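In case you want the letters, here they are:
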Amino acid sequence: MTPLILGKRQVKHLSEMIPNMPPTQVINANGIKRYSYPITAIAHLIGSKLIGFMNLRSNYTCSIEMIDPETDSHKHNDSGTGRDAIYLVNIGAKPFTLLYTDPRVNAEYMHIVEVGTSFILSTTHPYTIINAHNDTPAIYFSVNAYDNFNNTVRKFQHQW
């Protein structure tokens, strides 16, 4: 499984739109600050080309999620929140480490998410973002398609 691969310009565009995001309620849970928006509220910032490339739909929710420098998020899952799986792209200044449980084999893995790379995460299984080794916040753009892990993989899988 290879998640949808974004180019350098697309990743740069996502990171540059953060200051222009409209105000919203900040969800600060488990060490992660989440700024969530319906796709329709920020479509003008994302742009039609990126919306088309990422195949975003009007019922999806996009979020900017941040973990403070030199800290980790708590190990948790998002069961019961409507977030079963997310597509995420690291748009921060440095890589971060993701400790997650793969739902296909129910085993725990560690993955370094480099800047500009993407990952499909099952949020119904335990995960944590490790940013203790960075002096900058870990920032990622996430998309919640309100679907289970397998269908989210199909929606955001790279087509060779």
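These figures come from a predicted structure and were not determined experimentally. (Residues numbered from 1 in each chain as written. Predicted model: local features only at pLDDT ≥ 70, side-chain atom pairs only at ≥ 80, totals over all residues. Heavy atoms only, no water.)

Undergrad: Quick one: what's the story with the pattern of salt bridges, residue by residue and with numbers?
TA: Taken as a whole, this structure holds ten salt bridges when the rule is applied. A salt bridge links Lys33 to Asp68; the nearest nitrogen and oxygen atoms lie 2.9 Å apart. Of this pair, Lys33 sits in strand β2 (residues 32-38) while Asp68 sits in the loop between β3 (61-67) and β4 (85-90), placing them 35 residues apart in sequence. The exposure class assigned to Lys33 is partly exposed, which follows from its relative accessible area of 26%. The residue Arg83 makes a salt bridge to Asp78 at a minimum N-O spacing of 3.1 Å. (Salt bridge = Lys/Arg side-chain N within 4 Å of Asp/Glu carboxyl O. Helix = DSSP H or I, 4+ residues; strand = E, 2+ residues; numbered from the N terminus. Buried < 20%, exposed > 50% of the residue type's maximum accessible area, 1.4 Å probe, protein only.)

Undergrad: Which residues make up the confidence of the model for the protein, and what are the values?
TA: Model confidence for the protein is summarised by a mean pLDDT of 93, while 98% of its residues fall at 70 or above. For the protein, strand β1 (residues 26-29) is the element with the lowest average pLDDT, namely 90, and strand β9 (residues 138-144) is the one with the highest, namely 97. (pLDDT = per-residue confidence, 0-100.)

Undergrad: Lay out the pairing of strand β7 (residues 118-122) in plain terms, naming residues and giving numbers.
TA: Two faces make up the sheet, and in a regular strand the side chains alternate between them. Of all the five residues making up β7, five are buried; the element is thus mostly covered by neighbouring parts of the structure. Burial along β7 is two-sided: the face carrying Ser118, Ile120 and Ser122 and the face carrying Phe119 and Leu121 are both buried. As defined by bridge partners, β4 adjoins β7 across five bridges and the pair is classed as antiparallel. Directly across from Val89, in β7, lies its bridge partner Ser118. (Pairing = 2+ DSSP bridges.)

Undergrad: Break down unusual backbone geometry for me, citing the residues and quoting the values.
TA: For Glu70, which is not glycine, the phi torsion reads 55° and is therefore positive. For Glu70, the position within the fold is in the loop between β3 and β4. Judged by relative accessible area, Glu70 falls into the exposed class, the value being 56%. With a phi close to 55°, Tyr146 is a non-glycine residue in the positive phi region. In this structure, Tyr146 sits in the loop between β9 and α4 (149-155).

Undergrad: Now, about the side chain of Asp147: what can you tell me, with residues and values included?
TA: The residue Asp147 is located in the loop between β9 and α4 in this model. Only 3.1 Å separates the side chain of Asp147 from the side chain of Asn151, close enough to count as a polar contact. Leaving out residues up to four positions away in the same chain, Asp147 has contacts with Asp84, Ala85, Thr152 and Lys155. (Polar contact = N/O pair within 3.5 Å; in protein donor to acceptor, adjacent residues only side chain to side chain. Contact = heavy atoms within 4.5 Å.)

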